[in-house]
Amino acid sequence: MKIKFINHASVIFDCGDVKILTDPWYSGSAFNNGWDLLAQNDTDINDLDFNYLWYSHEHPDHFSIVDLKKISDEKKKNITILFQHAPDQKVKKFCERLGFKVLELPENQNVFIGNVAVRCGKEGGFDSWISVTHDGKTVL
C-alpha cells in the first residue's frame, strides 16, 4: 500500500486496483471564509488517479461540494463514493443525484473491495474514521 498526501485531510491510499481518495478539498475557503487551505497548490481532482472517494463527514473542508462537482462525467462513471451509513441519507442521495455510485459503510465492519478491507467507525455522532487493510498492512 502506498499513501500519497494531497492537501488538508486528503490522501490517496493506493492498493493496486483499489485507490481510495479521502476528503478532497482543493479550492476556495470554508466556513464563511474562515478557513483557507494551508497549501494552495492548484490540484485538479480530475488529474488524480482514484476509483473510490471516502468522506469522513459533511463539513465543507472535508465534503467540498465545489470539488465534487468538478469531477468529469467520464471519470464519475468509475468512482464509487464511500460514506458511513447515516439514517438521514443526505450525503448518499446528494451524491447519487450527481450521478455517483454510493457504497454505505456499516459501522465497525470490514467491507471488502477486492482484496482491500475497509472499515469505518463513527466519532462524536457524525464524524468518522476509516481503516484500510491491504497486503498485511493497516492504516487508520
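Scroll up to find the structure.
Here goes a summary of the coordinates provided. Owing to the predicted nature of the structure, the values given are computational and were not obtained by experimental measurement.

1. Some words on the side chain of histidine 57
- Mapped onto the secondary structure, histidine 57 falls in the loop between strand 6 (52-54) and helix 1 (65-69).
- Engagement of the side chain of histidine 57 in a polar contact is seen with the side chain of serine 56, the distance being 2.8 Å.
- A distance of 3.2 Å separates the side chain of histidine 57 from the side chain of histidine 59, its partner in a polar contact.
- The contacts of histidine 57, once residues within four sequence positions are left out, are His62, Phe63, Phe83, Phe126 and Asp127.

2. Quick notes on the nonpolar core
- Of all hydrophobic cores here, the largest spans 21 residues; its most connected members are Leu21, Phe50, Leu53, Leu68, Ile71, Ile81 and Cys95.
- Among the elements of the structure, strand 7 (80-84) and helix 3 (90-97) are those that each provide at least two residues to this core.
- Residue contributions to this core peak at three residues, all from helix 3.
- Not counting chain neighbours up to four residues away, the residues in contact with leucine 68 comprise Leu53, Tyr55, Phe63, Ile81, Phe94, Cys95, Leu98 and Phe100.
- In terms of nonpolar packing, the next biggest core, distinct from the first, is built from 16 residues, Phe13, Val18, Trp54 and Val132 among them.

3. Description of the pairing of strand 2 (residues 10-15)
- In terms of residue burial, strand 2 counts as a mostly covered element, since five of its six residues are buried.
- Bridge count for strand 1 (residues 2-7) against strand 2 is five bridges, and the pairing is antiparallel. Bridging from a neighbouring strand, lysine 4 pairs with isoleucine 12 of strand 2.
- Joining the antiparallel neighbours strand 1 and strand 2 is a turn of two residues, in which histidine 8 adopts a positive phi near 50°.
- Inspection of the sheet shows strand 2 paired to strand 3 (residues 18-22) by four bridges, in the antiparallel sense. Counted as the bridge partner of isoleucine 12 is leucine 21 from strand 3.
- With antiparallel pairing between neighbouring strands as the criterion, strand 2 and strand 3 make up a hairpin whose turn holds two residues, including glycine 16 at a positive phi of roughly 80°.

4. A closer look at the sheet that holds strand 12 (residues 137-139)
- Taking strand neighbours across the sheet as the criterion, the four strands line up as 9-10-11-12 in an open arrangement whose pairing is antiparallel. A single partner strand is all that each edge strand has here, and the edge strands are strand 9 (111-113) and strand 12. Across the sheet, the mean angle from the axis of one strand to that of its neighbour is 25°, orientation sign disregarded.
- Here three bridges tie strand 11 (residues 127-134) to strand 12, and the two strands are oriented antiparallel to one another.

5. Thoughts on the sheet that holds strand 2
- Pairing within the open sheet is mixed, and its six strands lie in the order 1-2-3-6-7-8. The open sheet has two free edges, formed respectively by strand 1 and strand 8 (101-105), since each of these has just one partner strand. The average angle at which neighbouring strand axes cross in this sheet is 25°, direction not considered.
- Contacting strand 7 and strand 8, helix 3 crosses the sheet at an angle of about 165° to strand 8.

6. Examining helix 3
- Those residues of helix 3 not exposed but buried are Val91, Phe94 and Cys95. With its buried residues spanning 95° around the axis, helix 3 presents them on a single face.
- Where the residues of helix 3 are buried, they touch helix 1, strand 7 and strand 8.
- With its phi angle positive at about 100°, glycine 99 sits one or two positions after the end of helix 3.

Here is what the cut-offs are and how they apply
- Residues numbered from 1 in each chain as written.
- Predicted model: local features only at pLDDT ≥ 70, side-chain atom pairs only at ≥ 80, totals over all residues.
- Heavy atoms only, no water.
- Helix = DSSP H or I, 4+ residues; strand = E, 2+ residues; numbered from the N terminus.
- Polar contact = N/O pair within 3.5 Å; in protein donor to acceptor, adjacent residues only side chain to side chain.
- Contact = heavy atoms within 4.5 Å.
- Core = buried A, V, L, I, M, F, W, Y, C linked by side-chain atoms within 4.5 Å.
- Buried < 20%, exposed > 50% of the residue type's maximum accessible area, 1.4 Å probe, protein only.
- Pairing = 2+ DSSP bridges.
- Axes fitted to C-alpha atoms, helices over the stretch in contact; angles between N-to-C directions.
- Arc of directions from axis to C-beta.

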